[in-house]
Structures are given as C-alpha cells and as structure tokens.
Amino acid sequence: MENDNFKNSINEIHEVKMSFDEKSQIFNNIVGFRALAIKSDWSFNSFILLMQRNHLVTYVILFILIFVAGGGVVFDLLSNRNNQINNNNVGMNTNRASDVYNLDNDINSIKNNDIQKVDDIVISSQKIDPPIISKNTDNNSDSSLPPPTGLRGPSLGVGISSSGGSVGSPQGGILSGAWIWDNTTLNNGNVIRPQKKGVFVITFNLDEKVNGQTDCNNFSGSYTIENVGNLNFGPLSMTEMYCQGSEEKIFTNFISKSKSYEMDYSCNLTIFLVDNLGYIYFIKK
Amino acid sequence: MNDDIKQKFEMIYEKESDAIFRFCLFKISDKEQALDITQETFLRLWKNLLEKNDILNSRAFLFTVARNLVIDWYRKKKSVSFEDMSTDEEGGYDPSDEMTTEHLFIKADGRYLLEKIMQLNFANRQPVYLRYVEDLSPPEIGEILGISANAASVRINRGIEELRKMVGGKFN
C-alpha cells in the first residue's frame with residue numbers, strides 16, 4: 001500500500017495548501033493578538049470563601065481592622081493636638097507681630113527724646129573705647145536678639161515667667177545661675193555688644209545674692225524679685241582694678257537701670273531697663 | 001521571553017499550518033471557513049504558549065483543537081439532526097468525520113485516493129487519513145480521536161484493508 005503511486009497520491013494531496021498571503025495574514029493576526037490579562041484565582045470571592053472556611057483568617061482580619069481603626073483614632077488625636085499647638089503658635093505670632101509693631105512705635109516716639117538720656121548713661125567715661133554699637137535695622141533677623149515673644153508676649157508655663165515671687169521660690173529660682181551678657185538693645189534701635197564676648201557674667205544665687213565679673217573687675221551684691229517680675233539690685237560692691245579700654249562701666253550702668261526680667265523660649269534672660277530704655281540680653285552660661 | 005515563544009510558535013506554524021488547513025478544508029469544503037478555523041486553532045496554541053501551559057505534542061494538540069472546532073462549526077450549522085448524532089458506536093456521530101473533495105483542486109491520483117479514504121467505514125476513515133496523509137502516529141491519532149493508541153491502530157489496519165479492497169491493484 002506504500003508504493004510510488006500511493007506516495008505520489010499523498011504528495012498530490014499535500015499540495016492542498018494555504019497561499020503565502022493567507023498563511024502570512026493568519027500568522028500576523030495571531031501574533032498580533034494581545035493576550036488578555038489572566039484573571040487571578042485570588043479574587044475577592046475566593047477571599048470571602050477562605051474567610052468562611054477558616055475562622056482564624058476572619059479573626060486575624062478583624063484584629064487588623066481594629067488595630068488600624070484604633071491607630072487612626074490615636075493619630076487623629078495627635079493631629080488635633082498638633083493643630084492646637086499650631087493654633088497657639090499662630091496666636092503668639094500674631095502677638096509677636098503686634099508687639100514688634102508697638103515696639104517700633106515706642107522706639108520712634110522716644111527716639112529723639114530719650115537718645116540723649118541713653119547716651120548719658122552709657123558714655124559716662126571718656127577713657128573707654130566706644131562700644132560696638134550697630135543700628136538694629138532688622139530685629140527678627142538678628143539671632144542674638146531675644147525672641148520677640150520674650151519681650152511682652154504671653155508667658156508659657158514652662159519656667160518662662162515674668163510673674164513675681166520671692167527668692168527661693170520657683171519663680172526666683174528661674175534666675176539662679178550664671179548669665180553671659182550678649183548685648184543691650186536700646187529702644188532707639190542701637191545694639192550694644194561687648195567687645196570681649198563671654199567675659200561679662202552675672203550670677204544669681206538663690207539667697208538673693210548676686211555676683212559677677214566684667215572684663216576687668218568682679219562685683220557682688222544683692223537683688224530682690226518683687227511682683228510681676230520686677231527685678232531690683234541692691235548696692236553692688238566692686239573691685240577697683242583699672243583696665244585700659246574696659247567696658248565694665250557700660251555694663252554696670254545697664255545693670256543699675258534694671259527694672260524687670262523675662263525669659264524666652266531658649267531660657268535666655270532679658271532684663272528690661274527703666275524708662276523703657278531697652279533691654280539687656282543674657283545667654284545662659 | 002515573548003521572542004522565544006514567538007519563535008517556537010513560528011516553527012510550529014510553519015510546519016503544521018498546511019496540514020491543519022487541509023484537515024479542516026477536507027471536512028467542511030469551505031475554504032474561508034477552513035481558514036477561519038485554522039486561524040482559531042493556532043490562536044489557541046498561541047494563547048497556551050503565552051500562558052506557559054505545557055504542550056507535550058503540538059501536532060496532536062492542533063489536530064484535536066481543529067477537530068473540535070469543526071464539530072462546533074457543524075453544530076452551529078445544525079445540518080445534522082440530534083438523532084443522527086447519537087448513532088455512532090463510540091460516543092456518537094461525528095459530523096466532522098464527513099469528508100468531501102468537492103471544489104478541491106487536487107490532481108487525479110490525489111483526488112482519487114482522497115475520495116477512496118472518504119468512502120471508508122465511518123470509524124476507520126479519520127484514522128487512515130491521519131496516519132497516511134498527515135503521517136501521525138497511532139498514539140497521536142488516539143489522542144486526537146479520544147481513543148486508545150491500540151484502538152487507533154486497529155482502526156488504521158481495518159481501514160487500510162478496506163482501502164485495498166476498494167482500490168484493487170492501483171496502489172499495489
């Protein structure tokens with residue numbers, strides 16, 4: 001059955017073929033076919049079925065849901081707390097802005113009248129070199145200046161207080177420690193800085209005693225804190241060594257004009273001068 | 001990765017496309033329909049390759065798919081009554097086993113042989129065609145027809161004996 005005639009007949013049958021165009025077209029149609037995405041067996045329905053068959057899965061899912069929901073409540077509470085803090089800060093910033101505005105007005109109002117008085121206080125000795133006085137044109141940009149909040153803004157209950165109290169009380173204890181004179185800012189905009197930084201130190205003790213040192217001599221005495229943050233110094237005794245170019249007279253003059261104090265957020269000390277002349281800014285040592 | 005699949009598919013297509021087309025054409029005698037079924041057959045192969053399904057014997061796979069598609073095509077035509085479809089001794093009447101050479105441009109000897117194959121007993125017709133025309137092995141034929149390889153061999157032998165009697169000494 002497999003002679004040549006049979007094979008020829010088979011070959012003739014094999015000649016029944018697609019044309020080249022038909023073949024190419026079908027091939028292109030198939031290869032150009034974009035396979036549809038295979039639907040995953042892990043669908044929502046199978047997940048529900050799994051939960052029905054295995055209660056452990058259900059409990060785990062419930063636990064996760066409770067955990068996530070509880071976490072959301074906690075985060076919500078934290079968020080509300082942060083918002084409250086932010087709102088307080090906004091309020092304080094508003095007060096800061098108004099304070100700065102008022103301060104500028106005060107400075108302008110006393111600029112012509114009080115400048116001579118300040119000069120009289122500061123320049124009391126002809127022998128000393130003029131202190132470094134710069135025009136304070138931008139209070140906010142000067143990092144050495146106390147934050148405006150510390151000037152007249154509301155006090156926080158975290159040890160920053162201008163309320164009065166006797167020495168030894170918590171309020172009086174705020175001042176205890178050594179403070180380094182950083183600068184004195186006058187209401188006319190001048191900022192006076194010591195030439196020798198870090199040498200002018202005043203130390204408040206809990207027993208109403210104060211001592212300190214300048215760039216030449218040491219001093220000691222007493223101080224009292226009265227209501228509403230009023231600060232009064234008693235008589236100060238001072239060594240009498242002479243130093244060429246000392247700035248201690250300027251410093252002691254400022255100290256003697258102290259009226260009240262306040263602390264800023266950085267726990268640095270601001271002592272305000274009488275007659276709204278300005279303030280002395282100390283940095284915690 | 002798709003390039004490898006495409007290369008594999010192209011190789012199979014080049015080798016088997018004419019056989020599948022011929023198989024379809026002899027069964028439904030409609031060239032356009034045969035082309036459509038051929039395309040659908042190879043499209044299913046392409047999908048299986050993309051889905052990383054293992055196909056041990058691509059020839060058997062293609063002929064099986066083509067045969068099923070031809071059956072579906074006949075069922076859609078409803079040219080055969082339901083009673084006629086249940087008269088076969090092994091699983092019912094298969095309209096796709098009907099073959100015709102009408103409108104086929106085949107040379108004389110080839111047409112003669114094909115007509116004789118189509119005149120064979122219904123059960124032996126397709127095994128003989130697949131064995132001698134398309135050169136499929138009995139296990140492959142058994143897989144395509146849904147019978148065992150031994151049953152396929154038996155049908156082939158019966159069919160070839162029947163063919164010998166029909167053609168006389170022409171192919172001896």
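Report follows, based on the coordinates. (Residues numbered from 1 in each chain as written. Chains lettered and ligands numbered in written order. Predicted model: local features only at pLDDT ≥ 70, side-chain atom pairs only at ≥ 80, totals over all residues.)

One non-glycine residue, Asp275 of chain A, lies in the positive phi region at around 55°. Assignment of secondary structure puts Asp275 of chain A in the loop between β10 (269-273) and β11 (278-284). A positive phi is found at Asp135 of chain B, a non-glycine position, where the angle reads about 60°. Residue position: Asp135 of chain B is located in the loop between α5 (122-133) and α6 (138-145). (Helix = DSSP H or I, 4+ residues; strand = E, 2+ residues; numbered from the N terminus.)

Moving on: the nonpolar core. Counting residues in hydrophobic clusters, the biggest one holds 44 residues, and the most contacted among them are Cys24 and Ala66 of chain B. The biggest single contributor to this core is helix α1 (residues 2-28) of chain B, with ten residues. Shared between two domains, this core takes at least three residues from each, and those domains are domain 1 (1-93) and domain 2 (99-172) of chain B. Other than its neighbours up to four places away in sequence, Ala66 of chain B contacts Ile20, Phe23, Cys24, Ile37 and Thr41 of chain B. Membership of the second largest hydrophobic core comes to 28 residues, among which are Ile174, Leu231, Met263 and Phe282 of chain A. (Core = buried A, V, L, I, M, F, W, Y, C linked by C-beta atoms within 7 Å. Buried ≥ 20, exposed ≤ 12 C-beta atoms within 10 Å, placed from the backbone. Domains from an automatic or database assignment. Contact = placed C-beta atoms within 7 Å.)

All names here are of chain B. One can describe the packing of α1 onto helix α3 (residues 58-77) by two numbers: an axis separation of 10 Å at closest approach and a directional angle of 30°. If you check the angle between α1 and α3, you find them roughly parallel. The interaxial crossing formed by α1 with α3 has right-handed handedness. Side by side, α1 and α3 meet where Ile12, Glu16, Ile20, Phe23, Cys24, Lys27 and Ile28 of the first sit next to Ser58, Arg59, Leu62, Phe63, Ala66, Val70 and Trp73 of the second. Taken together, the residues that form the contact of α1 with α3 break down as ten nonpolar, one polar and three charged. (Axes fitted to C-alpha atoms, helices over the stretch in contact; angles between N-to-C directions. Parallel < 35°, antiparallel > 145°, perpendicular 65-115°, else oblique. Left-handed = near helix turned anticlockwise from the far one by under 90°. Nonpolar A, V, L, I, M, F, W, Y, C, P; charged D, E, K, R; others polar.)

Moving on to the interface of chain B and chain A. It is common to give the size of an interface as the accessible area lost on bringing the parts into contact. The partner chain A presents 22 residues to the 31 residues of chain B that form the contact. For the side of chain B that touches chain A, the elements supplying multiple residues, two or more each, are α1, α2 (31-50), α4 (108-118), α5 and α7 (149-167) of chain B. For the side of chain B that touches chain A, the element with the highest residue contribution is α2 of chain B, accounting for eight residues. The residue inventory of the side of chain B that touches chain A, partitioned by class, reads 17 nonpolar, five polar and nine charged.

Our focus in this paragraph is the packing of α1 of chain B against α2 of chain B. Residue and element names in this part refer to chain B. For the pair α1 and α2, the least separation of the axes is 9 Å and the interaxial angle reads 150°. One finds that α1 runs roughly antiparallel with respect to α2. When you trace α1 past α2, the crossing you get is right-handed. From α1, Ile5, Lys8, Phe9, Ile12, Tyr13, Ser17, Ile20, Phe21, Cys24, Leu25 and Ile28 reach across to α2, where they touch Lys31, Gln33, Ala34, Leu35, Ile37, Thr38, Thr41, Phe42, Leu45, Trp46, Leu49 and Leu50. In the contact of α1 with α2, the residues fall into 17 nonpolar, four polar and two charged.

Among the structural elements, Glu240 of chain A can be located in the loop between β8 (237-238) and α7 (248-256). When the C-alpha positions of Glu240 of chain A and Cys216 of chain A are compared, they lie 8.7 Å apart, and in sequence the two are 24 residues distant.

Residue and element names in this part refer to chain A. Position of Phe251 relative to the elements: it lies in helix α7. Accessibility expressed as a C-beta count within 10 Å gives 24 for Phe251, which makes it buried. Sequence separation between Phe251 and Arg193 is 58 residues, and the spatial gap between their C-alpha atoms is 9.9 Å. Discounting chain neighbours no more than four positions away, the residues touching Phe251 are Trp181, Phe200 and Thr214.

Residues and elements named next belong to chain B. Along its 19 residues, α7 runs 26 Å from first to last C-alpha, staying within 8% of the 27 Å computed at 1.5 Å per residue. Inspection of α7 places Ala152, Arg155, Ile156, Gly159 and Leu163 among the buried residues, and these make up the whole buried set. Down the axis of α7, the buried side of the element spans an arc of 105°, and every buried residue falls inside it. Turned more than 90 degrees from where α7 packs its buried face, Asn150, Glu161 and Lys165 sit exposed. (Expected span 1.5 Å × (residues − 1). Arc of directions from axis to C-beta.)

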